[in-house]
Amino acid sequence: MMRSFSSAASLTALGAALLFAAPLLAQQPATQLPIRGFPADALAQEAQLETRFRAIPNADTLRNQLRILSENPHEAGTERSHHVAELILARFKSYGLDAHIEQFQALMPRPISRRLELVGPTHYTAKLKETPVKGDKDSGDANQLPTFNAYSPDGDVTAPLVYVNYGIPADYTVLDSLGISVKGAIVIARYGRSWRGIKSKLAAQHGAVGCIIYSDPRDDGYWANDVYPKGPMRPPQGVQRGSVMDMPTYPGDPLSPGWASEPGARQLTIKEAKTIALIPTLPIGYGDALPLLKAIGGPVAPTAWRGALPITYHVGPGPAKVHLALKFDWKSRPLYDVIARIPGSVWPDQWAIWGNHHDGWVNGADDPLSGQVSLDEAARAMGTLLKTGWRPKRTIIFAAWDGEEWGLLGSTEWAEKHRAELAQKTVAYINSDTNAKGWLGVSGSHSLQTFMEQVARDIRDPKTGKSVLDAVLARRNARRSRAQRPATGGRTARNGSGSAAADTTYRIGALGSGSDYTAFLDFVGVPSLSVAYGGGTQAGVYHSIYDSYDFYTRFYDSTFAYEVAEAQTVGTALLRLADAPVLPFEFTNVASTYRGYAEEIQREARRNPATRSLDLSAVLASIGRLQQAGERYEAALAPVTQMSSAQLSAHAAQLGRVNAILFHTEHALTDSAGLDNRSWFKHLIYAPGFYTGYGVKTMPGIREAVEDVPNGAVAQREAGRVAAAIGRMAAQVDSAATALVYAVGSGV
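Criteria and thresholds
Residues numbered from 1 in each chain as written. Predicted model: local features only at pLDDT ≥ 70, side-chain atom pairs only at ≥ 80, totals over all residues. Heavy atoms only, no water. 1 Å grid on protein atoms, 1.4 Å probe; cavity = no way out; pocket = protein on both sides within 12 Å on 5 of 7 lines; lining within 4 Å. Points joined across faces, edges and corners; volume = space filled by probe spheres on them. Helix = DSSP H or I, 4+ residues; strand = E, 2+ residues; numbered from the N terminus. Nonpolar A, V, L, I, M, F, W, Y, C, P; charged D, E, K, R; others polar. Pairing = 2+ DSSP bridges. Contact = heavy atoms within 4.5 Å. Axes fitted to C-alpha atoms, helices over the stretch in contact; angles between N-to-C directions. Buried < 20%, exposed > 50% of the residue type's maximum accessible area, 1.4 Å probe, protein only. Polar contact = N/O pair within 3.5 Å; in protein donor to acceptor, adjacent residues only side chain to side chain.

**Comments concerning the layout of surface pockets**
Here is step 1 of the chain: For the second largest pocket, the calculated volume is near 440 Å³.
Here is step 2 of the chain: Considering the residues around the second largest pocket, the lining is formed by 20 residues, among which Phe38, Gln45, Glu46, Lys393 and Asp579 are closest to the centre.
Here is step 3 of the chain: Taken together, the elements giving at least two residues each to the lining of the second largest pocket come down to α2 (43-54), α20 (645-650) and α21 (652-663).
Here is step 4 of the chain: Residue composition of the lining of the second largest pocket, grouped by class: 11 nonpolar, 4 polar and 5 charged.

**So, the sheet that holds strand β6 (residues 186-190)**
Here is step 1 of the chain: Taken in spatial order, the 7 strands make up an open sheet running β3-β2-β10-β5-β6-β7-β9, and their pairing is mixed. Each having just a single partner strand, β3 (124-125) and β9 (281-284) make up the two edges of the open sheet.
Here is step 2 of the chain: Relative to β9, strand β7 (residues 210-214) runs parallel, the two being bridged by 4 bridges. Bridge pairing in β9 places Ile213 opposite Pro283.
Here is step 3 of the chain: The sheet strands contacting helix α6 (residues 196-205) are β6, β7 and β9, and the helix crosses β7 at an angle near 150°.

**Remarks on the pairing of strand β10 (residues 321-328)**
Here is step 1 of the chain: Within β10, 6 of the 8 residues are buried, which leaves the element mostly enclosed by the surrounding structure.
Here is step 2 of the chain: Judged from the 8 bridges that link them, strand β2 (residues 111-120) and β10 form a sheet pairing that is antiparallel. When the bridges of β10 are listed, Leu118 appears paired with Val322.
Here is step 3 of the chain: Bridge count for strand β5 (residues 155-163) against β10 is 6 bridges, and the pairing is antiparallel. Residue Gly155 lies in a different strand from β10, and its bridge partner there is Leu326.

**Here's the deal with the side chain of Asp138**
Here is step 1 of the chain: By secondary structure assignment, the location of Asp138 is in the loop between β3 and β4 (149-150).
Here is step 2 of the chain: We classify Asp138 as buried; its relative accessible area is 0%.
Here is step 3 of the chain: One polar contact links Asp138 to Arg67, side chain to side chain, over a distance of 2.7 Å.
Here is step 4 of the chain: Polar side-chain contacts of Asp138 include one of 3.0 Å to the side chain of Lys137.
Here is step 5 of the chain: Filtering out sequence-adjacent residues up to four positions away, Asp138 remains in contact with Arg67, Ser70, Glu71, Gln144, Asn363, Ile545, Ser548 and Tyr549.

By themselves, these figures tell us nothing about what the structure is for.
Quick look at the structure:
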């Protein structure tokens, strides 16, 4: 554990720094807004560089690249995925970047046979085939992967059918209240409200022998809008493919948890793998679901359980009886990760990484190529800057991952292979995935919240021409105002004017799982962000054959303005992370956010006798120390950013050591023992919930012992671990403050 400096020592050092820096204070130009981590006299130059960078991304280039990469289905483990990787590699090299492919392998079983039929009281054989639509040539492409759930086991079962709504924990509580058991039954659950793998896992835990997951038209079909091709919603035979790997246990190759899966590496047997689903699981469209649901009897489903099919929804069990038979080939297949880098000129061993996956379930224009082409365009823009003589101070890495759709395979294997180096060198990892018209969404490490607020401040919103930050805050306040507006039309006075007071505080969300940031944040302990635009289109083509170039250009981003915005946004973030003399971390936001988590958990704990005695005073005390350390760091940073660039450059080596302390603060929040029953997850503040899949559980060890299976003793033990982790972070922030003072304040 790093030594924590006393407050008195820190204040003394800060005084020395202020005296040293006082003659160096520069008057900031009135027109130049501050950029965190940059001295005042460098702001104009940095703004000029960013302006040049942001002028390069081009809508036509993005459009053409999306057309090329989405031309054919290219699921992981195929030569078609390899071909896409080679196309990306060639482009990186054409920009003058040092690029290569790293190859791994992973268990990726493909379906040999699938059969689903209603065998009583009537008969129906499910089509299990998506229908091409007129006007979209890609919807009829050859080599489309069949509709299936990856990592479902083989199985051949016949059993009564039970409708379980979304198949989440609360739904099984309702079933219990109705006296209905799914033991020995096949369940049918609708997509939504939770990740698909949780639906299969919960069904198995409640004794079901099979699981069918369908897309109800109320959620993403004709209830919301016209179906494709007339509108953006899912047609009757549209199916959401996807993995049902138990990713909350660990992502990546099921046979190599914690180490890279390369030729010759040790592997678990399939029976030893903990993340393969327990019961046969199959996705279907609502066209195939209708005959099955129509045949179910028993109690009428609760009102909240009723979808939009033209039937009365019943729960069962029976009289509907279903035969489900699945068989897979259980082969390992290759993965192709594309890695490109721009070496840093001052701190080459400090890395800023942007990653996006390139594999899709079918053509994948939106998921994932809308994010991938923006990454590519930012790489092209930086290649253009390189030709003018620009060099980043830190190393910039671009990564195009393979196998994300199956369970974050390529990114996890790469992070597991390079874990020690990543932990030592990575300043931050930024992830993108899907991208479309709408508003900027950011989640991640809260030490980067202020940093991303400034990035959003400096990017233009394609729709309004104002800043992206203004657009985000305006949308949030508009939604808040609608939510607070009384149904009677009365006043919602908050500021004396009859309208709710505007909230101008920028916040980012917390990360759970569901994309390639997971290994970086949860396993390695790297500061991480997920950044994308979206929310402007409700659509129903996720993981289907209809996620095509034609669909994307009609409904998601027809002008490609938001593709340009994504390249500009994440590219600007990379430039600042690469060139800031002092990395742009900020910790008072972290403390206030964590305090909110703790208070929320405490309120929940008091509602249950099993956890009512939970004492979070140690956690709150550590948060208090982090708050104080964050304030001391801000005091140390203020005079430094008013020094001249030349003076800071003279202390580049010392600042490099300060920056290393700063980006290692995230690692302080990890614990080598990991979370209970899932040791792969090392982060004690952010993790996907064991029963939420993608959804985050903040302070997961405590929270799950309060919310999921209430256990006061476990919650108290986990509170001790969380308090220690936050204490470690506080000590490092305190050390960074003092190190910064001595680095530039004493000439050391």
